[in-house]
Amino acid sequence: MEIIHISAECYPVAKAGGLGDVVGALPKYQNRIGHIAKVVMPMYRTKFLYNNDWELVHEGGTYLGSNWFRYAVIKEKSNKLGFDLYLVDINGLLDREQVYGYDDDTERFVSFQIAVLDWLNSWQHKPDVIHCHDHHTGLIPFMMKYCYGYQSLATIRTIITIHNAQYQGWMGWEKSHYIPWYDDWKTGLLDWGGSINPLASAIKCADRVTTVSPSYLEELMNSANGLENLFEFERGKCFGILNGIDNEVWDPETDTYLVSNYNAETVEAGKEENKEHICRQFNLDPQWPLFIFIGRLVGEKAAEILPDVIGNGVERHEGRINFLVLGSGHKHLEAELLRLEAIVGKNFSCYIGYNEELAHRLYAAADFLLMPSLVEPCGLNQMYALRYGTVPMVRNTGGLRDTVIDIANVDGKGYGLIFNHAEAWDVLSSIDRAMGWYFEQPGILDGARKKMMAIDNSWENSAHHYISIYQ
Ligand code: GLC
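Let me begin by describing the structure that accompanies this report. (Residues numbered from 1 in each chain as written. Predicted model: local features only at pLDDT ≥ 70, side-chain atom pairs only at ≥ 80, totals over all residues. Heavy atoms only, no water.)

## Overview of helix α1 (residues 18-32)
An α-helical turn contains 3.6 residues, so a residue and the one three or four places further along point in the same direction. Compared with the 21 Å implied by 1.5 Å per residue over 15 residues, the 22 Å span of α1 between its first and last C-alpha is a close match. Most of α1 sits out of view: twelve of its 15 residues are buried. Where α1 is concerned, the buried positions are Leu 19, Gly 20, Asp 21, Val 22, Val 23, Gly 24, Ala 25, Leu 26, Pro 27, Lys 28, Tyr 29 and Gln 30. The secondary structure elements touched by the buried residues of α1 are β1 (2-6), β2 (36-42), β6 (129-133), α12 (381-387) and α16 (459-470). Count one or two residues on from α1 and you reach Gly 34, which has phi positive near 100°. (Helix = DSSP H or I, 4+ residues; strand = E, 2+ residues; numbered from the N terminus. Expected span 1.5 Å × (residues − 1). Buried < 20%, exposed > 50% of the residue type's maximum accessible area, 1.4 Å probe, protein only. Contact = heavy atoms within 4.5 Å.)

## As for the site of the ligand
Surrounding the ligand, one finds 13 residues, the nearest of these being His 163, Asn 243, Glu 376, Cys 378 and Gly 379. Between the ligand and the protein, one listed contact pairs an oxygen atom with a side-chain N or O atom of His 163 at 2.7 Å. At a separation of 2.8 Å, an oxygen atom of the ligand approaches a polar side-chain atom of Asn 243. Protein chains shield 93% of the accessible area of the ligand, which is 310 Å² for the free molecule. Taken together, the residues that form the shell around the ligand break down as six nonpolar, five polar and two charged. Composition of the shell around the ligand by domain shows at least three residues from each of domain 1 (2-245 + 460-470) and domain 2 (267-453). (Near = heavy atom within 4 Å. Polar contact = N/O pair within 3.5 Å; in protein donor to acceptor, adjacent residues only side chain to side chain. Areas by Shrake-Rupley, 256 points an atom, 1.4 Å probe, with all protein chains shown as cover. Nonpolar A, V, L, I, M, F, W, Y, C, P; charged D, E, K, R; others polar. Domains from an automatic or database assignment.)

## Describing the sheet that holds strand β14 (residues 348-352)
Strand order across the open sheet formed by six strands is β14-β13-β12-β15-β16-β17, with parallel pairing between neighbours. Every interior strand has two partners, whereas the edge strands, β14 and β17 (417-419), have only one. With strand direction ignored, the average angle separating the axes of adjacent strands in the sheet is 20°. Sheet topology places strand β12 (residues 290-294) next to strand β13 (residues 322-327); five bridges connect them, and they run parallel. The residue bridging Phe 291 from the neighbouring strand is Phe 323, located in β13. Relative to β14, helix α10 (residues 331-344) is tilted by about 150°, and along the sheet it contacts β13 and β14. (Pairing = 2+ DSSP bridges. Axes fitted to C-alpha atoms, helices over the stretch in contact; angles between N-to-C directions.)

## Looking at the nonpolar core
Of all hydrophobic cores here, the largest spans 89 residues; its most connected members are Phe 291, Phe 323, Tyr 363 and Ile 431. It is helix α14 (residues 424-440) that provides the largest number of residues to this core, a total of eight residues. When residues of this core are assigned to domains, at least three fall in each of domain 1 (2-245 + 460-470) and domain 2 (267-453). Contact partners of Phe 291, with chain neighbours within four places excluded, come to Ile 321, Asn 322, Phe 323, Leu 324, Phe 368, Leu 370, Met 393, Ile 431, Ala 434 and Met 435. In this structure, Leu 117, Met 144, Ile 160 and Ala 202 belong to the second largest nonpolar core, which totals 58 residues. (Core = buried A, V, L, I, M, F, W, Y, C linked by side-chain atoms within 4.5 Å.)

## Considerations on the pairing of strand β15 (residues 368-371)
What you see with β15 is no split at all: Phe 368 and Leu 370 on one side and Leu 369 and Met 371 on the other are buried throughout. Sheet analysis places β12 next to β15, joined by two bridges and oriented parallel. Directly across from Phe 291, in β15, lies its bridge partner Phe 368. Note that the unit made of β15, α12 and strand β16 (residues 391-395) has a crossover that is right-handed. (Right-handed = clockwise from strand over helix to strand, strands pointing away.)

## Details of the packing of helix α8 (residues 267-281) against helix α15 (residues 442-453)
Across the interface, α8 lies against α15 with an axial gap of 11 Å and an inter-helix angle of 95°. One finds that α8 runs roughly perpendicular with respect to α15. Residue-level contacts link Val 267, Glu 268 and Lys 271 of α8 to Asp 446, Arg 449, Lys 450 and Met 453 of α15. Classifying every residue of the contact of α8 with α15 gives two nonpolar, no polar and five charged. (Parallel < 35°, antiparallel > 145°, perpendicular 65-115°, else oblique.)

## Some thoughts on the side chain of Asp 134
Mapped onto the fold, Asp 134 is located in the loop between β6 and α4 (140-146). No salt bridge is formed by the buried Asp 134. Its closest oppositely charged neighbour is Arg 296, at 8.8 Å. Ignoring any residue separated from it by four or fewer positions in sequence, one finds Asp 134 in contact with Leu 19, Ile 160, Thr 161, Ile 162, His 163, Asn 164 and Leu 199. (Lys, Arg positive; Asp, Glu negative; His and termini not counted. Salt bridge = Lys/Arg side-chain N within 4 Å of Asp/Glu carboxyl O.)

## A look at the packing of aromatic side chains
Overall, the coordinates contain 17 aromatic pairs when judged by the stated rule. Where Phe 48 meets Trp 54, the ring centres are 6.1 Å apart and the plane angle is 70°; that geometry is what we call edge-to-face. Plain terms: the ring middles of Tyr 363 and Tyr 384 are 5.8 Å apart, the flat faces sit at 70° to each other, and that makes the pair edge-to-face. Linking Tyr 363 in helix α11 (residues 356-365) with Tyr 384 in helix α12, this pair joins segments that are 21 residues apart in sequence. Classification of Tyr 363 by relative accessible area gives buried; the value is 1%. (Phe/Tyr/Trp six-rings, centres within 6.5 Å; stacked < 30°, edge-to-face > 60°.)

## Considerations on the side chain of Asp 255
Relative to the helices and strands, Asp 255 resides in the loop between β11 (238-240) and α8. Of the buried charged residues, Asp 255 lacks a salt bridge, with Arg 361 as the closest side chain of opposite charge at 7.4 Å. Engagement of the side chain of Asp 255 in a polar contact is seen with the backbone nitrogen of Tyr 257, the distance being 2.9 Å.

## Some thoughts on the sheet that holds strand β5 (residues 84-89)
Backbone hydrogen bonds are what pair the strands of a sheet, in a parallel or an antiparallel way. One open sheet accounts for nine strands, arranged β3-β4-β5-β2-β1-β6-β7-β10-β11; its pairing is mixed. Taken across any chain shown, the strands that pair with only one partner, and hence form the sheet edges, are β3 (54-64) and β11. Along the sheet, successive strands turn relative to each other by an average axial angle of 20°, direction set aside. In the sheet, strand β10 (residues 208-211) pairs with β11 via three bridges, with the strands oriented parallel. Bridged to Thr 211 within β11 is Gly 240. Against the sheet, α16 engages β1, β6, β7 (157-162), β10 and β11, with an angle of about 140° to β7.

See the structure below:
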């Protein structure tokens, strides 16, 4: 089968979050099991662009509303990611340093989608499946079916994977002329609640809809930022498929970022060395347990409770505890964390920003990973933590619920810590549990590490699952 993934992100080309990780891995595994999977994404100004060789495969021009624009499609020459990678270059619109966050993001991503379809329309043969990811590519199923200019694409199957339904790409109806000439009778398929809603449109128009975990799909029926009824109505074509992780990129035995590599047999010594190194770098005392948070500092991840958790945690455990935060997001929160670091710097350090290498080192060094997320469609960090023998402490939601079993689980299968509320007091009481084990029952933690590292969350399973849905 030939599958074209269309996405705003793809690791290592450009990544803002987990979406990038998924699109950077899934196609590779689909190719390995005998299919042809390709990725098409915008050409941003990223390091990857400048450090690799490209060939021009197509040049074209089309309209966004009444504005004519030219675009080019380039392909990475060496297939180094394990799949064909195509970048769409639209001068002045896509070629920027960041993936998102510009005032004209609507124009940028609508133009991208139109350029992709204009290009696909010119292909001699047709792929079997167009696989869209999140709202940035959400208008594609509608346009393929109902825009007069793309009729040659109308019979290709489409699927949308929802990595996060909080963001829907809303645009006012005054921008409807951006969408190439379409069947007026189908206008309702673009609308939700009075505006053009690309994510809602994709849910209505795609042949299949998937979410990145089964529990998240269930939750969306009750809480989907306004789309609850739509999910309920379309549930027959919706499936929850848990993401995998790229076991080659995330392997403590071969990870070149680590100061000391280890496997399940050598985990204790290996983690200790990594921890010592990180503690030295961040001025923390390695004899105390290390709790980390890695992620965007935003409401969805419940990041605003972190200062409270850290401040109270240090006080209540009388300084016999370490916290480290790696992330960026709301400016006020970044400032608050830096202020806190100035006060309790012996026990807490933060790195404001994005740093892939440091993330790898932290998973290896930490004892516990905190994920109090309010919303977590899948969550990859807890799976990285498992692979590196770091105990995940997660809220009972979405993909976290599907991937972590509490240590207290009666069958003795557990290895993580689960709490119910995205509130400081609940996280703190889980930290109390964790501290008890760390100091008094280290055997429990050692056992958990072995169990965690034996779990297989690789892409193989999920890659097959997607293929059966395409079929
Ligand atoms: C989004 C979600 C996250 C998920 C990721 C990859 O970033 O917030 O939970 O793991 O997409 O699907």
